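Descriptive analysis of the structure
Each chain is listed here by its residues.
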Amino acid sequence: MSRPARDAAHSPARNAAHDAAREGSDVISVHMTPVPRSVVVAQRDDGPLSRAMGLLVAGQLPPLPPALAGAFVTAVLLVLGIAGADDFAVFAPAVALLLAGAGSAHRHDGRLDWLAPPILRLTEYGFVASAGFARSVPPVITFALLGAMAFHHYDIVYRVRQHVYPPPWLATAGLGWDGRMLVVALAGLLDMVAPAFVLLALYLWGLFGWESLTCWLAAPRTPDQAVEPAPQD
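Residues numbered from 1 in each chain as written. Predicted model: local features only at pLDDT ≥ 70, side-chain atom pairs only at ≥ 80, totals over all residues. Heavy atoms only, no water.

1. Let's talk about the confidence of the model for the protein
- When pLDDT is averaged across the protein, the result is 81; 78% of the residues are at 70 or more.
- Contacts from residues 2-35, a stretch scored under 50 in pLDDT, to residues over four places away or in other chains number 22 contacts.
- The low-confidence segment residues 223-233 (pLDDT under 50) makes 22 contacts with residues lying over four places distant or belonging to another chain. (pLDDT = per-residue confidence, 0-100. Contact = heavy atoms within 4.5 Å.)

2. Some thoughts on a nonpolar patch on the surface
- A cluster of nonpolar side chains, namely F72, V73, V76 and L80, defines an oily patch on the protein surface of about 390 Å² accessible area.
- Tracing the backbone through its elements, the reader meets V76 in helix α4 (residues 64-79).
- Judged by its relative accessible area of 36%, V76 is partly exposed. (Patch = residues over 30% accessible without salt bridge, like charges linked within 9 Å, V, L, I, M, F, W, Y side chains within 5 Å. Areas by Shrake-Rupley, 256 points an atom, 1.4 Å probe, with all protein chains shown as cover. Salt bridge = Lys/Arg side-chain N within 4 Å of Asp/Glu carboxyl O. Helix = DSSP H or I, 4+ residues; strand = E, 2+ residues; numbered from the N terminus. Buried < 20%, exposed > 50% of the residue type's maximum accessible area, 1.4 Å probe, protein only.)

3. Points about the pattern of salt bridges
- Counted according to the given criterion, the structure contains 7 salt bridges.
- The shortest N-O distance in the salt bridge between R107 and D109 comes to 3.5 Å.
- Linking E124 and R180 is a salt bridge whose minimum nitrogen-to-oxygen distance equals 2.6 Å. Of the two residues, E124 is situated in helix α6 (residues 116-134) and R180 in helix α9 (residues 176-189); the sequence distance between them amounts to 56 residues.
- Residue class for E124 comes out buried when judged on its relative accessible area of 0%.
- The structure contains a network of salt bridges with shared partners spanning D45, E124 and R180.

4. With respect to unusual backbone geometry
- The backbone phi angle of H163 is positive, close to 60 degrees, even though this residue is not glycine.
- You can see H163 is positioned in the loop between α7 (139-161) and α8 (168-173).
- Of note in this structure, D191 is not a glycine but carries a positive phi near 60 degrees.
- Tracing the backbone shows D191 in the loop between α9 and α10 (193-218).

5. Examining the packing of α9 against α10
- One way to put it is that α9 packs onto α10 with a least axis distance of 8 Å and a crossing angle of 155 degrees. The orientation of α9 relative to α10 falls into the category roughly antiparallel. Remark: the crossing between α9 and α10 carries right-handed chirality. Residues R180, V183, V184, A187 and G188 of α9 lie in contact with α10, whose contacting residues are V193, A196, F197, L200, L204 and F208.
- Of the residues in the contact of α9 with α10, the class split is 9 nonpolar, 1 polar and 1 charged. (Axes fitted to C-alpha atoms, helices over the stretch in contact; angles between N-to-C directions. Parallel < 35°, antiparallel > 145°, perpendicular 65-115°, else oblique. Left-handed = near helix turned anticlockwise from the far one by under 90°. Nonpolar A, V, L, I, M, F, W, Y, C, P; charged D, E, K, R; others polar.)

This is the structure we're talking about:
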């Protein structure tokens, strides 16, 4: 068989392989976000400070005990009215919950480790609501800020179910639960809670809404194109 004939005979196979490779590259280009080692970790929404604390213990500390301890201390402080303090004591609830950051680098593969994210959510929401009500912030502003955070957290939960994971920079840009609590505490110290709530709500709604919209528009349309989580070691 002549060379042109051989090329003609093999061209369909080469074309099919080329199309398959191109299709695979299209799928990969949508999923530049690394798949987390645990979907529970993706739901924590840790900021840079919390992640740094987890790195200090190299992921050896289970996540649930420090989250429970931090939430308990924070709840006691909120009951005592610390969220309305006019001095540096207003930082105490945020600092107390930072205990949970020590477990941020863990694999979250324990039977009850899935409880860590909802504990962080409830404690963060409680602190923000307490600060808003203690400073007589209009309820609509407080609920707008809480709504932005709740939207983001629900979006993350739904994403991991569809194997469409949030990019690593999103938690940093969104300040993480730790950063948001510290911003609220700083606003309380400066007696600027209402303006801070307005600015923070606008920023978070814009950031989380824009990123969620662009992510879902770029997500694969069929389940077989989704990226499966990496197997646990």
